[in-house]
Amino acid sequence: MGQGLLHRFQKAGKNKQLNAVIQKIEMNASNNYKDAAQSGLREFQEMLREQERIVFS
């Protein structure tokens, strides 16, 4: 993902939400909660897809 896209996410106000999901994934992965980490990853991927639709529409 390029800097331009990250900048657009920040401008869209979603950076805090994305960071919260990343932190949840990292915490679950570090605690060896693989199912929860995978669930968080799916949530993160969906949020990115949603933001891409908004940014590029």
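Worth saying up front: this structure is predicted, and the values here are computed from it rather than measured. (Residues numbered from 1 in each chain as written. Predicted model: local features only at pLDDT ≥ 70, side-chain atom pairs only at ≥ 80, totals over all residues. Heavy atoms only, no water.)

What follows deals with the overall build of the protein chain. If you tally the helices and strands in the protein chain, you get 3 helices and 0 strands. Going from the N terminus to the C terminus, the protein chain shows its helices and strands as α-α-α. By the burial criterion, 21% of the 57 residues in the protein chain qualify as buried. Taking the contacts inside the protein chain whose residues are at least 6 apart along the sequence as the reference set, 52% of them involve residues at least 24 apart. Summed over all atoms, the accessible surface of the protein chain reaches about 4,300 Å², with 50% contributed by carbon and sulfur. (Helix = DSSP H or I, 4+ residues; strand = E, 2+ residues; numbered from the N terminus. Buried < 20%, exposed > 50% of the residue type's maximum accessible area, 1.4 Å probe, protein only. Contact = heavy atoms within 4.5 Å. Areas by Shrake-Rupley, 256 points an atom, 1.4 Å probe, with all protein chains shown as cover.)

This part is about helix α3 (residues 34–56). A rise of 1.5 Å per residue sets the reference length of α3, with its 23 residues, at 33 Å; its end C-alpha atoms lie 32 Å apart and thus fit the reference within 8%. Within α3 the residues assigned to the buried category are Ala37, Gly40, Phe44, Met47, Leu48 and Gln51. (Expected span 1.5 Å × (residues − 1).)

Considering every residue of the protein chain, the mean pLDDT works out to 78; 75% of them sit at 70 or more. Within the protein chain, helix α1 (residues 3–11) has the poorest average pLDDT of any element, 54, and α3 the best, 88. (pLDDT = per-residue confidence, 0-100.)

All right, on to unusual backbone geometry then. Located in the positive-phi region is asparagine 32, a residue other than glycine, with phi close to 65°. Looking at the element boundaries, asparagine 32 is found in the loop between α2 (15–30) and α3.

When two helices pack together, their arrangement is given by the angle between the helix axes and the distance between those axes. At a minimum axis separation of 8 Å, α2 and α3 run at an interaxial angle of 160°. If you check the angle between α2 and α3, you find them roughly antiparallel. Relative to α3, the crossing made by α2 is left-handed. When α2 is examined against α3, the residues Gln17, Leu18, Val21, Ile22, Lys24, Ile25, Asn28 and Ala29 are found in contact with a partner set consisting of Ala36, Ala37, Gly40, Leu41, Glu43, Phe44, Met47 and Leu48. The residue inventory of the contact of α2 with α3, partitioned by class, reads 11 nonpolar, 3 polar and 2 charged. (Axes fitted to C-alpha atoms, helices over the stretch in contact; angles between N-to-C directions. Parallel < 35°, antiparallel > 145°, perpendicular 65-115°, else oblique. Left-handed = near helix turned anticlockwise from the far one by under 90°. Nonpolar A, V, L, I, M, F, W, Y, C, P; charged D, E, K, R; others polar.)

Now for the pattern of salt bridges. Taken as a whole and judged by the stated rule, the model has 3 salt bridges. For the salt bridge of glutamate 43 with lysine 24, the shortest nitrogen-to-oxygen distance reads 2.9 Å. Here glutamate 43, found in helix α3, pairs with lysine 24, found in helix α2; they are 19 residues apart in sequence, far enough to count as distant. Taking the relative accessible area as the measure of exposure, glutamate 43 reaches 34% and is therefore partly exposed. On the basis of relative accessible area, lysine 24 is assigned to the partly exposed category, the value being 37%. Here arginine 53 ties to glutamate 46 by a salt bridge, and the two come within 3.4 Å at their closest N and O atoms. Under the relative-accessibility criterion, glutamate 46 is labelled partly exposed at 34%. Residues joined by salt bridges that share partners form a network here, namely Glu46, Arg49 and Arg53. (Salt bridge = Lys/Arg side-chain N within 4 Å of Asp/Glu carboxyl O.)

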